[in-house]
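# Summary of structural features
Chain by chain, the residues:
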Amino acid sequence: MKRLLPSIILLLLQALTLRAATDIPADSAREVAIFITIGQSNADGSAMFCPELDSIARQWFESPANTRRLKIWYRSTQVRNLEANALGERARHVIDGAVTDAAPGWLDLWYRNENTSGRTAMNMIHGYGTYSTGSGTDCAQGRRGMEPQLGIDFASALPATDLYFIKLGVSGSQISTWANPDDDNNWNYFMTNIYRPAIADLTSRGLRPRLAGIWWMQGCADSSRPADYYEASLRRLVDRLETELGFAEPPIYIGTIPGPGESPANPAGSTDHSPNVRAAQQAVAADHPNVTLVDTAPFPMQYEQAFGGTIHFSHAGVNAIGHHLADLILANRSNWPTLNVTP
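It should be emphasised that the depicted structure is a prediction, and the values quoted were computed from it without experimental measurement.

Reading the values: rules and limits
Residues numbered from 1 in each chain as written. Predicted model: local features only at pLDDT ≥ 70, side-chain atom pairs only at ≥ 80, totals over all residues. Heavy atoms only, no water. Helix = DSSP H or I, 4+ residues; strand = E, 2+ residues; numbered from the N terminus. Buried < 20%, exposed > 50% of the residue type's maximum accessible area, 1.4 Å probe, protein only. Areas by Shrake-Rupley, 256 points an atom, 1.4 Å probe, with all protein chains shown as cover. pLDDT = per-residue confidence, 0-100. Contact = heavy atoms within 4.5 Å. Arc of directions from axis to C-beta. Pairing = 2+ DSSP bridges. Polar contact = N/O pair within 3.5 Å; in protein donor to acceptor, adjacent residues only side chain to side chain. Expected span 1.5 Å × (residues − 1). Axes fitted to C-alpha atoms, helices over the stretch in contact; angles between N-to-C directions. Core = buried A, V, L, I, M, F, W, Y, C linked by side-chain atoms within 4.5 Å.

## As for the overall build of the protein chain
From N to C terminus, the protein chain includes 10 helices and 13 strands. Expressed as a percentage of its 343 residues, the buried residues of the protein chain come to 55%. Summed over its atoms, the accessible surface of the protein chain is roughly 14,400 Å², and 54% of this surface lies on carbon and sulfur atoms.

And the structure:
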């Protein structure tokens with residue numbers, strides 16, 4: 001027995017070390033939920049934070065209701081502007097970031113970023129997360145996304161279930177950078193540097209991912225494109241989501257940005273959004289049973305002097321998106337596909 005004691009103590013210490021390193025409860029279920037967010041700035045979340053709404057979120061994340069089962073994959077990134085890509089577009093490409101707050105890996109969804117610019121990972125951490133001291137109403141800092149509200153609703157409904165967010169929003173990116181083989185930098189970056197490492201980490205710990213949903217929000221950058229161009233591109237993207245992630249019949253939610261006069265709260269909003277894009281989205285959803293269109297017209301937007309218009313959802317707006325997506329994925333819980341092929 002005396003010989004066994006050192007070995008037992010060593011095993012206990014290793015278990016405690018692993019738990020501290022991953023910061024995941026030791027009783028995590030083998031099956032865990034993941035949620036994917038990709039697209040441009042409205043997918044990323046560009047809401048200028050509202051102190052009142054921020055306080056509500058912070059109170060929840062600091063309360064016992066938060067069992068710390070909400071995680072988001074972190075990797076520092078930034079955007080590079082190209083003069084022209086292979087398609088002749090002035091493309092927006094995601095690349096590795098110049099500022100890093102932490103090594104790539106899982107962070108609590110509630111993550112306070114206190115670097116000087118407040119724009120870690122092109123606000124990929126967004127959620128409750130990307131926050132800079134004194135950001136106030138500065139358009140360049142302190143932005144928010146929909147993930148915190150989705151996470152709060154999810155955890156309130158399923159307190160014993162882990163939810164892992166895998167996210168990459170590339171502001172101003174065209175759909176070609178996600179779906180066209182001639183320039184799919186952003187898709188390749190997402191798969192190589194974010195999605196595959198995140199999934200590999202989960203499976204290496206004996207966890208079995210189930211896909212709660214994919215949120216795709218993009219279109220403004222292609223406002224001048226004809227409907228057939230966007231439709232062909234979106235079909236390629238949906239095909240990639242259905243064949244390359246390792247999930248059969250993935251639930252895909254596509255946000256349609258309201259055009260001028262279509263939003264009851266913001267009739268002048270999204271002046272650059274083309275009806276051709278929405279027509280293409282509708283055509284794809286019509287013959288893809290796994291695709292659900294989300295009408296975002298009822299969700300509040302914000303006026304931004306820097307852009308001279310209303311193109312992004314406000315803090316209340318991204319919270320409304322989070323609420324809506326939580327309702328959708330929770331109602332579809334019995335149909336969440338399980339990872340069956342390692343990507």
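Moving on, there is more to tell.
## What about the confidence of the model for the protein chain?
In the predicted model, the protein chain carries a mean pLDDT of 81, and 79% of its residues have values of at least 70. Counting contacts from residues 1–29, a segment whose pLDDT is below 50, to residues more than four positions away or on other chains yields 18 contacts. Scored below 50 in pLDDT, residues 114–141 makes 99 contacts in the model with residues more than four places away or belonging to other chains.

## Remarks on helix H3 (residues 51–61)
Residues of H3 that are buried include every one of Asp 54, Ala 57, Trp 60 and Phe 61, and no others. Projected onto a plane normal to the axis of H3, the buried residues spread over an arc of 125° and lie on a single side. Along H3, exposed side chains directed more than 90 degrees from the buried face belong to Pro 51, Glu 52 and Gln 59.

## Notes on the pairing of strand S9 (residues 208–217)
With 9 of its 10 residues buried, S9 lies for the most part within the structure. Sheet topology places S9 next to strand S10 (residues 252–256); 4 bridges connect them, and they run parallel. Following the sheet pairing, Met 217 is matched in S10 by Gly 255.

## Side note on the environment of Ser 41
In this structure, Ser 41 sits in helix H2 (residues 41–44). Classification of Ser 41 as buried rests on a relative accessible area of 8%. A polar contact is formed between the side chain of Ser 41 and the side chain of His 312, at a distance of 2.8 Å.

## Looking at helix H9 (residues 275–286)
Across its 12 residues, H9 extends 16 Å between first and last C-alpha, which sits within 8% of the 16 Å expected from 1.5 Å per residue. All of the buried residues along H9 are Val 277, Arg 278, Ala 280, Gln 281, Val 284 and Ala 285. The buried residues of H9 occupy an angular sector of 160° when projected down its axis, which confines them to one face. Away from the buried face of H9 by more than 90 degrees, exposed residues Pro 275, Gln 282 and Ala 286 are located. Buried positions along H9 lie against helix H8 (227–243), S10 and strand S11 (291–295).

## Some details on the sheet that holds strand S3 (residues 70–74)
Strand-to-strand pairing in sheets goes through backbone hydrogen bonds, with the strands running parallel or antiparallel. In spatial order, the strands read S6-S3-S8-S1-S9-S10-S11; together these 7 strands make up an open sheet with mixed pairing. The sheet terminates laterally at strand S6 (105–108) and S11, the two strands that pair on one side only. Taken pair by pair, the neighbouring strands of this sheet meet at an average axis angle of 25°, ignoring direction. One ladder, built from 4 bridges, connects S3 with S6; its direction is antiparallel. Opposite Tyr 74, over in S6, you have Gly 105 as the bridge partner. Against the sheet, helix H5 (residues 147–157) contacts strand S1 (31–39), S3 and strand S8 (163–169), and its axis sits at roughly 165° relative to S8.

## Some words on the nonpolar core
Counting residues in hydrophobic clusters, the biggest one holds 43 residues, and the most contacted among them are Ile 166, Phe 190 and Tyr 195. Of all the secondary-structure elements, those providing two or more residues to this core are S1, S8, helix H6 (176–179), helix H7 (185–204), S9, H8, S10 and H9. Of all the elements, H7 adds the most residues to this core, at 9 residues. Residues contacting Tyr 195, with those up to four places away along its chain left out, are Ile 34, Ile 36, Ile 166, Phe 190, Leu 245, Phe 247 and Pro 343. One finds Trp 60, Phe 61, Leu 163 and Met 217 within the second-largest nonpolar core, a separate group that totals 35 residues.

## Observations concerning unusual backbone geometry
The backbone of Arg 68 shows a phi angle near 65°, a positive value even though the residue is not glycine. With respect to the helices, strands and loops of the structure, Arg 68 is situated in the loop between H3 and S3. Residue class for Arg 68 comes out partly exposed when judged on its relative accessible area of 39%. Located in the positive-phi region is Glu 249, a residue other than glycine, with phi close to 55°. Inspection of the secondary structure assignment puts Glu 249 in the loop between H8 and S10.

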